[in-house]
Amino acid sequence: MADFQLPGDLMFNRSKIEDPVAYAKERAARSWLFIVGDEFASMPGGMSYAQVQEAVPHSARVASDPPRVLDLDLARQHVEALDALPRPTLVSCRTGPRASAVAYMYAGLKAGATPEEVIRAAELDDAPFCKFEDYKDWVRSSMRTLSGAPEA
């Protein structure tokens, strides 16, 4: 699958979201996976899960922001949540790196792509997670484990 691409109905943020309702409307989103905890809502310019729920008819939350470490348990929770959400779907974190990692990991699993095909596509798309080697490692290891492929 050398031509893996992130599907158009699975989107992620690349920066802080100023207005969740407008953001969802501009993208015609039906659902939203919010991957930050309550701490973000209390930060200046933060966003709450309640704002996400107001913006779309279907949503889920899997708190995955620092100081939480991305791990296999979170990957499983992301997959379960995204499996249940109707498309088009937004995935968001504070500024985009973790949300993009989740979106590519999930889409790659569903497409049967290899982790390296997913990383290559993400790098071509300038996905925010590609600036962080530990996020690329998380995408690789999560995909290998969840797909049943052997570790490289």
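Residues numbered from 1 in each chain as written. Predicted model: local features only at pLDDT ≥ 70, side-chain atom pairs only at ≥ 80, totals over all residues. Heavy atoms only, no water.

## Here we look at the environment of Phe40
Next up, step 1: Its location among the elements puts Phe40 in helix α2 (residues 38-41).
Next up, step 2: Separated by 19 residues in the primary sequence, Phe40 and Val21 have C-alpha atoms spaced 17 Å apart.
Next up, step 3: Non-local contacts of Phe40, meaning those with residues more than four positions away in its chain, are made with Phe34, Gly45, Gly46, Met47 and Arg94. (Helix = DSSP H or I, 4+ residues; strand = E, 2+ residues; numbered from the N terminus. Contact = heavy atoms within 4.5 Å.)

## Some thoughts on the packing of aromatic side chains
Next up, step 1: Inspection of every chain in the model, using the stated rule, returns 6 aromatic pairs.
Next up, step 2: Measuring from centroid to centroid gives 6.5 Å for Phe4 and Tyr104, while their planes differ by 65 degrees, and the two rings are edge-to-face. Taken together, the residues Phe4 in the segment before β1 (10-12) and Tyr104 in helix α5 (residues 97-111) connect sequence positions 100 residues apart. Residue Phe4 shares its accessibility class with Tyr104, and that shared class is buried.
Next up, step 3: Measuring from centroid to centroid gives 6.1 Å for Phe34 and Tyr49, while their planes differ by 20 degrees, and the two rings are stacked. Remark: Tyr49 occurs in helix α3 (residues 49-55) and Phe34 occurs in strand β2 (residues 31-34); sequence separation between them is 15 residues. (Phe/Tyr/Trp six-rings, centres within 6.5 Å; stacked < 30°, edge-to-face > 60°. Buried < 20%, exposed > 50% of the residue type's maximum accessible area, 1.4 Å probe, protein only.)

## Quick look at the nonpolar core
Next up, step 1: One finds Trp32, Leu33, Tyr104, Phe129 and Val139 to be the most contacted residues of the largest nonpolar core, which totals 52 residues.
Next up, step 2: Take this core: its biggest share by element is 8 residues, from α5. (Core = buried A, V, L, I, M, F, W, Y, C linked by side-chain atoms within 4.5 Å.)

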